[in-house]
Each structure stands twice: as C-alpha cells, then as structure tokens.
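Each chain, written out:
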Amino acid sequence: MAMKAAATSSPGAVQATNDDASASKLSCVKKGYILDDFVHFFVKRPIKRAPLINRGYYARWAAIRKLLLQFLDSVGPKQILSLGAGFDTTYFQLEEEGRGEVKYVELDFLEVTSRKATIIASREQLQKKVESLGTISPERGEIHSKHYMLLPVDLRDINSLEKAFECAQLDISVPTFILSECVLIYLDPDVSRAVVNWAAQKFNTAVFVVYEQYSPEDAFGQQMIKNLESRGCPLLGIHDTPSLEAKRERFTKNGWPRAVALNMDEIYRSEIDPIDRRRIERLEIFDEFEEWHMMQEHYCLAYGIKDATQGMFDNFGFGVR
Ligand SMILES: C[S@@+](CC[C@H](N)C(=O)[O-])C[C@H]1O[C@@H](n2cnc3c(N)ncnc32)[C@H](O)[C@@H]1O
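Residues numbered from 1 in each chain as written. Predicted model: local features only at pLDDT ≥ 70, side-chain atom pairs only at ≥ 80, totals over all residues. Heavy atoms only, no water.

Side note on the pairing of strand β2 (residues 103-108)
- For β2, the buried fraction is high: five of the six residues fall into the buried class.
- Pairing between strand β1 (residues 79-83) and β2: five bridges, direction parallel. Bridging across to β2, Ile80 finds its partner in Tyr104.
- The parallel pair β1 and β2, bridged by helix α3 (residues 90-96), forms a crossover whose chirality is right-handed. (Buried < 20%, exposed > 50% of the residue type's maximum accessible area, 1.4 Å probe, protein only. Helix = DSSP H or I, 4+ residues; strand = E, 2+ residues; numbered from the N terminus. Pairing = 2+ DSSP bridges. Right-handed = clockwise from strand over helix to strand, strands pointing away.)

As structure tokens, then:
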C-alpha cells in the first residue's frame, strides 16, 4: 500500500529546495560537468556533492538544455516563462552565449524573487545583463528590463499568475517555452492541474516542460517521499502523477493536444549527446551503477505541446536528431 504524502507543506521549506538546487548546480560547475558563469553568485556556502548527485544534476541540465536550444533555434520571436524559477541562471548564461534575444520571464514566491533581485542588484556582472531600460526592486521582488522580467507569484493563486502574465506583457501569439523544473510536484494536484490548464488557455503555441519525481510505490520512491516530508516539503503531487502515463495525461486532459514523458534513465542513455556523456563520465570515479539507474528511474521529463502554427513543433523534442 502506498504511503500518502503529508497534507501540509511549509512555504519556507519549499523555498529552501531552491538553495539545494543552486548548490547542486554549482557543485557540477566546479567539477567541470556544466558551464555556468553565474550560479556561484547565488550560493552562500558551496558544497561538494557526491558523483551520483553531480551526474544526476548534469543529466537534468543537459536534457532541459537540449529542449531549450531546439526551441531557441527556431525562427521568429520567442518567449520563455519559468514557473518557480528559484535562482536559476539560465537567462544570464544564454545572454553570455549571445542567445538572450528572447523575452525571459521568471516567477517565484516573493521571498525568493526578493532575494534574487537583491543578489542581482549587488553584482555588476549580473546587473549589466538586465540593465537596458531596466528597474530592479528588491523590496517588491521585481525586475523589469528589456529582455528579462522577475516577478513574485504564488502559483497556488491563478489570479496572481494572471497578474504576472499581464505585468510581463507576455504575448499569447508568440511561441512560448514554459519551464517548471522540480516545482509542480510540491503543489497540490488540483493546483498543478490548474496551472497546466491556465497555460494551455493562455498561449496559442507553446511547449510546457516539466522535470520532476515520479514512481512513489517502490522502496526508493517511499524513501524519497519520506526524506522530503521530513524536511517540511512533501511531494504533494506524486500520488496523483505516479507514472509516465499520468504525467502525459496531466497535459492531454488539461488542454495540451500532444504530450511526451520519458524517465531520466532513458533520456541519459538515448537523448544526451554521447560525446558529452563520455566527457563527463571521465570526470569522477563512479561505481554506484545500481543506485544511479534506480535514481534516474524516479525522475522524468515530460512536455505538452500546443501548436497553432501547425508546424513549429513538428521537429521538436526527444527522438529528434
Ligand atoms: C526545487 S526549487 C527549483 C528551482 C528551479 N526551478 C531550479 O530547478 O533550479 C522549487 C522552486 O519552486 C518554487 N515554488 C514552489 N511552490 C511555489 C508556489 N506556490 N509559488 C511560487 N513558487 C513556488 C520554490 O520557491 C522554489 O524556488
């Protein structure tokens, strides 16, 4: 019998998961798994993660980046909307790589956007990337600039999402990449469905990419649930979407005509550039193969596609070389 996730969740504990994500990313950068010139600004106390965690974070980063670059490589204007962005530095890195000509909107709790805006305002290297026509308000947790917007929302309140949409002046007809990386799983299932549905109603042509945990039934899944519960941030959505099929259906039953979901073990094997995979596999001694496959089988990447252009997303996604 599956253990049910605790009904209550502390916003402070959920926000703290963001610091963990940034620390993991920095650990990967320091070991040479990934390139990110900005994440170190957001981590107070760098931690050296175990090879298993570094490899897992690399796989997550490489898989999302593959989809993001496919999207950015298509022609015409584009928007990116990151729900529960935390201290993600993708915008800054894209700017650095000369790929910043896109409207990039990040949303999170006020406490998080306020901290993010404070850090951005205090570092010249970050500030200059959001400067043109920009205003930074750490108290309001907001940044408004030509390409980058940071705004506070509580995703549990669709009105606040709607307000952020208006404030960011997102355009319903511009192709949009929506990213929710380890976020929906912390929300009540009714809320995450409402968010997925809201996005489907809002944008004509979009892809909604979700990276998160699944498979709660076995011993590994139960332990994963217990760990997060004990930290005050239960995986409220895991029993509602326990399988890849359920992750797909959350899209197809909420306004997204097409959806794909793959586990990270398969993605690592078949979707990540084999040359880069060989490179990172030489970075650290690694012998935890059993645990590696088990862990990767409890994380997935799912996306829903909606295409009013009848073609923009024909060659998008996994399985496309
Ligand atoms: C595990 S972190 C992931 C951060 C970022 N997406 C990444 O992968 O680096 C989860 C993020 O979701 C945000 N979040 C969770 N529930 C939220 C809500 N109801 N409204 C806004 N943000 C929320 C948290 O504040 C936190 O920054």
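Some remarks on the side chain of His147
- For His147, the location among the structural elements is in the loop between β4 (142-144) and β5 (148-152).
- By relative accessible area, His147 is classed as buried at 14%.
- In this structure His147 touches Tyr91, Glu95, Gly100, Glu101, Val102, Lys103 and Tyr104, once residues within four positions along its chain are discounted. (Contact = heavy atoms within 4.5 Å.)

Regarding the site of the ligand
- Near the ligand there are 20 residues, and of these Arg60, Gly84, Asp108, Asp154 and Leu155 occur at the shortest range.
- Contacts to the ligand include Asp108, whose side-chain N or O atom sits 2.6 Å from an oxygen atom.
- Here the shell around the ligand gets five residues from one element, more than from any other, and that element is helix α1 (residues 11-31).
- Within the shell around the ligand, the residues separate by chemical class into 10 nonpolar, five polar and five charged. (Near = heavy atom within 4 Å. Polar contact = N/O pair within 3.5 Å; in protein donor to acceptor, adjacent residues only side chain to side chain. Nonpolar A, V, L, I, M, F, W, Y, C, P; charged D, E, K, R; others polar.)

Some thoughts on the nonpolar core
- One finds Ile80, Tyr148, Phe177, Leu301 and Phe316 to be the most contacted residues of the largest nonpolar core, which totals 57 residues.
- With 12 residues, the top contributor of residues to this core is helix α2 (residues 51-72).
- Those residues in contact with Ile80 that sit more than four places away from it in its chain are Leu68, Phe71, Leu72, Leu94, Val102, Lys103, Tyr104, Val105 and Phe177.
- In this structure, Leu81, Trp198, Phe208 and Phe251 belong to the second largest nonpolar core, which totals 34 residues. (Core = buried A, V, L, I, M, F, W, Y, C linked by side-chain atoms within 4.5 Å.)

Here we look at the confidence of the model for the protein
- On average, residues of the protein score 94 in pLDDT, and 97% of them reach the 70 mark or higher.
- Interface predicted TM-score (ipTM) for the complex: 0.99; the corresponding pTM is 0.96. (pLDDT = per-residue confidence, 0-100.)

A few points about the packing of aromatic side chains
- Per the stated rule, a full pass over the model turns up 23 aromatic pairs.
- Between the aromatic rings of Tyr91 and Tyr104, the centroid separation amounts to 5.6 Å while the plane-to-plane angle is 70 degrees, which identifies the pairing as edge-to-face. Of the two residues, Tyr91 is situated in helix α3 and Tyr104 in strand β2; the sequence distance between them amounts to 13 residues. The burial state of Tyr91 is the same as that of Tyr104; both residues are buried.
- Measuring from ring centre to ring centre gives 5.8 Å for Tyr303 and Phe316, while their planes differ by 85 degrees; the resulting arrangement is edge-to-face. On the criterion of sequence distance, the pair formed by Tyr303 in strand β9 (residues 299-307) and Phe316 in the segment after β9 is long-range, its members being 13 residues apart. Exposure class is identical for Tyr303 and Phe316. Each is buried.
- Cluster of aromatic residues (ring-pair linked, three or more members): Phe71, Phe177, Tyr303, Phe313, Phe316 and Phe318. (Phe/Tyr/Trp six-rings, centres within 6.5 Å; stacked < 30°, edge-to-face > 60°.)

Thoughts on the pairing of β5
- When you tally the buried positions in β5, you get four out of five residues, the bulk of the element.
- The pairing of β4 with β5 spans two bridges and is antiparallel. Looking across to β5, one finds that His144 is bridged to Met149.
- The antiparallel hairpin formed by β4 and β5 contains three residues in its connecting segment.

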